[in-house]
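# Breakdown of the fold
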Amino acid sequence: MCRCIEEKDNIVNSKTEQKTVHTMSDFLSQLNIFNKENYKFSSSEKSEDDTSDFETGQQFATELDQGEKRLGLISCIGLICNRMLGTGVFAVSSTIYTLSGSIGLALILWAVGALIALAGLYVYMEFGTAIPRNGGEKNYLEAIFKKPKFFITCMYASYVFFLGWAAGNSVNTAVMFLTAANTEVTKWNQRGIGVAVVFFCFAVNSINVRAGLYIQNVLGVFKLGIVIFISITGWVALAGGLKHGYQSHNFHNAFEGTNKATAYGVVNALYNVIWSFVGYSNVNYALGEVKNPVRTLKIAGPTSLICLAIIYIFVNIAYFAVVPKDKLISSKLILAADFFDICFGGHAKRVAAALVGLSALGNVMSVIFSQGRIIQQLGREGVLPFSNFFATSKPFNSPMVGLFQHFIICMITILAPPPGDAYNIILNLISYPMNIVNFVISAGLLWIYWQRRQGKIEWNPPIKAGVFITTFFMLSNVYLIVAPYIPPTHGESVYEHAPYWIHCVVAWGIFAFGGFYWLVWAKLLPRWGHYRLESKEVLGDDGFWRMQIIKVPESEVGDDSIDSSDGENIHSNDIEVLDYQESKESHKISHE
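Here we summarise the structure given alongside this text. Note that the coordinates shown come from a computational prediction; the quantities given were computed from them, not determined experimentally.

The subject of this paragraph is the packing of helix H11 (residues 187–207) against helix H17 (residues 348–381). A pair of packed helices is characterised by two quantities: the angle between their axes and the separation of those axes. Following both chains from N to C, one finds H11 and H17 inclined at 55 degrees, their axes separated by 9 Å at the closest point. On the basis of the axis angle, H11 is oblique to H17. The interaxial crossing formed by H11 with H17 has right-handed handedness. Across the interface between the two elements, Val 197, Val 198, Phe 200, Cys 201, Phe 202, Val 204 and Asn 205 from H11 touch Leu 361, Val 364, Met 365, Ile 368 and Phe 369 from H17. Residue composition of the contact of H11 with H17, by class: 11 nonpolar, one polar and no charged.

Its 34 residues place the ends of H17 50 Å apart at the C-alpha level, agreeing with the 50 Å of an ideal helix rising 1.5 Å per residue. Counting buried positions along H17 yields 24 of 34 residues, so the element is predominantly enclosed. Remark: Gly 382 follows H17 within two positions and exhibits a positive phi of approximately 95 degrees.

The next thing to look at is the environment of Leu 105. You can see Leu 105 is positioned in helix H7 (residues 103–130). What Leu 105 contacts, discounting residues up to four positions off in sequence, is Ser 100, Phe 255, Thr 258 and Ala 261.

At a minimum axis distance of 5 Å, the contact between H11 and helix H12 (residues 209–238) shows a crossing angle of 125 degrees. Classified by the angle their axes make, H11 and H12 are oblique. Facing H11, whose interface residues are Phe 200, Val 204, Asn 205 and Ile 207, H12 presents Val 209, Ala 211, Gly 212, Ile 215 and Gln 216. For the contact of H11 with H12, the class distribution of residues is six nonpolar, three polar and no charged.

A separate point is unusual backbone geometry. Following Lys 147, the chain continues into Pro 148 via a peptide bond in cis, with omega recorded as -10 degrees. In this fold, Pro 148 is placed in the loop between helix H8 (137–144) and helix H9 (151–161).

Among the structural elements, Phe 369 can be located in helix H17. Look at Phe 369 and you get buried, because its relative accessible area is 17%. C-alpha of Phe 369 to C-alpha of Leu 403: the two residues are 34 residues apart in sequence and 7.3 Å apart in space. The contact partners of Phe 369, leaving out residues within four places of it in the chain, are Asn 205, Val 209, Leu 213, Gln 216 and Leu 403.

The next subject is the packing of aromatic side chains. Two measures describe an aromatic ring pair: the distance that separates the ring centres and the angle between the ring planes. This structure, assessed with the given rule, holds 29 aromatic pairs. Aromatic pair Tyr 97 and Phe 320: ring centres 6.3 Å apart, planes at 50 degrees, arrangement tilted. One end of the pair, Tyr 97, is in helix H6 (residues 93–100); the other, Phe 320, is in helix H14 (residues 293–322), and 223 residues separate them in sequence. Relative accessible area serves as the criterion here: at 6%, Tyr 97 is assigned to the buried category. Between the aromatic rings of Tyr 124 and Tyr 280, the centroid separation amounts to 6.1 Å while the plane-to-plane angle is 75 degrees, which identifies the pairing as edge-to-face. Remark: Tyr 280 occurs in the loop between helix H13 (263–277) and H14 and Tyr 124 occurs in helix H7; sequence separation between them is 156 residues. Judged on exposure class, the residue Tyr 124 and its partner Tyr 280 are both buried. An aromatic cluster is present here, built from Tyr 156, Tyr 159, Tyr 271, Tyr 432, Tyr 485, Trp 508 and Phe 511 joined pairwise through their rings. Here Arg 191 stacks its cationic end above the ring of Trp 188, 5.2 Å away from the centre of that ring.

By size, the foremost hydrophobic cluster in this structure holds 155 residues, and its most contacted members are Phe 90, Phe 127, Tyr 159, Ile 230, Phe 277, Tyr 319 and Phe 339. With 16 residues, the single largest contributor to this core is H7. Setting aside its immediate chain neighbours within four residues, Phe 127 contacts Tyr 140, Ile 144, Ile 441, Leu 445, Ile 448 and Trp 459.

What counts, and where the lines are drawn
Residues numbered from 1 in each chain as written. Predicted model: local features only at pLDDT ≥ 70, side-chain atom pairs only at ≥ 80, totals over all residues. Heavy atoms only, no water. Axes fitted to C-alpha atoms, helices over the stretch in contact; angles between N-to-C directions. Helix = DSSP H or I, 4+ residues; strand = E, 2+ residues; numbered from the N terminus. Parallel < 35°, antiparallel > 145°, perpendicular 65-115°, else oblique. Left-handed = near helix turned anticlockwise from the far one by under 90°. Contact = heavy atoms within 4.5 Å. Nonpolar A, V, L, I, M, F, W, Y, C, P; charged D, E, K, R; others polar. Expected span 1.5 Å × (residues − 1). Buried < 20%, exposed > 50% of the residue type's maximum accessible area, 1.4 Å probe, protein only. Phe/Tyr/Trp six-rings, centres within 6.5 Å; stacked < 30°, edge-to-face > 60°. Lys NZ or Arg CZ within 6 Å of the ring centre and 35° of its normal. Core = buried A, V, L, I, M, F, W, Y, C linked by side-chain atoms within 4.5 Å.

Geometry only, nothing functional implied.
Okay, here's the thing in structure tokens:
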């Protein structure tokens, strides 16, 4: 039956909502938590103003969160660039060339990686303008997978809790500082300094948040300055402007060696490329604090990613224009330092290593700053064990416990891998599960499109990725998930000692632990303790809405529960969450 939004009342009663919940498929049974009125327009409205979607998106964002909007367009561009521009383009170009076999294929892979990242950006922007709240992909996963209750939340919590996101750049910082000090890099001094780097970032962000932000901003200047300088130097080299007109002549037969590339090599090269683009969705974690989020996302996301993608390709062209092929293979993490050494000689290599090390340090500061707050948020919601412990901001009014948790995980991640494999294992261990999450989110968006086409839901956010872009992103992630299982040939494994599949097994193990935790926390313990877990929307003191999970004794569960098809109950709390837009509007009117 065709449903016209114009014929609906502004507020739907609970009985109608309950019926809707039960008739929809379990997969998207509660996507009607979104207020459809904000996304549907009459034909006359559309004809009057082509920007109606845009304006309504703005209104929806304002209705969701009542906290201070502190992030403007420039700040959001900075958030994306500071997160993306870490050490990837300084550290992984050598590995990408080695795995791809040729200069030409390496540059193509950088372009392909940029296209995958751009597709992913639009998928995240569509979800972001549909759910403009703090939290990023956690919100999107929970909106798609409402059943089994809390299952996807536990999987995501395990994904966040057990991955040492800041570990990779900590190791790179250590290698750069050791190179700058003209000290031999060994397996233990790089690990020791890597742990010290994470500890420093943990301590600064815990004790003085303002100082941590200031250091991040200052170091961010180094990142942009270095990549622009390298790009310019590369074009000077191609024009014969270096001393004695030196050039590497690597572009004379750019695709020589391409026939040696394998599926294993290409997929691992792509992992390294995508590692350099991690962070394009960084604004989504703070959308509730963004001024005019729809307009900001439309401009900040594509502008930041496209500009950095162009700079990344220019930087690689500069490397290939200056560094000989044998040096490209042997440089590994210090390719940028070798580039400066060839161009300028003297102490240029050590100076460049110090600057790249500072850039990596800035990225570690940024990552651990964000991860500590995600852990704290999971504690506030009640997902983690000892939730009050993880939720506290004592003693320095900072998420010190969440920051310390991430420091411990990073320390284990740095120290545990076999010698020589630490950086690559860390890189792949972050990228592989991220590809799984991206696949699930893009597949979920395609399912939303299908449900909308069937007339079962209303979905019309201001920014749309579309079926083609979303399918491309999903299939790209399918390839990145499956291809690592193809055994490497000709000794091209990215690991010296560890098995080629180690990061895949560890990633699936992390998700499996999340499923096991859900079974114990959400099923067995409530059954043994005679209570059930309920979730409700809570407006925090900071003005931002968040989910809160509470324990309700079975003796307090009354007749307001309705048996669902899977044997669980949907309580009045759940119905209230479905109607949160109407209830918040009423709350706002009552205060006015």
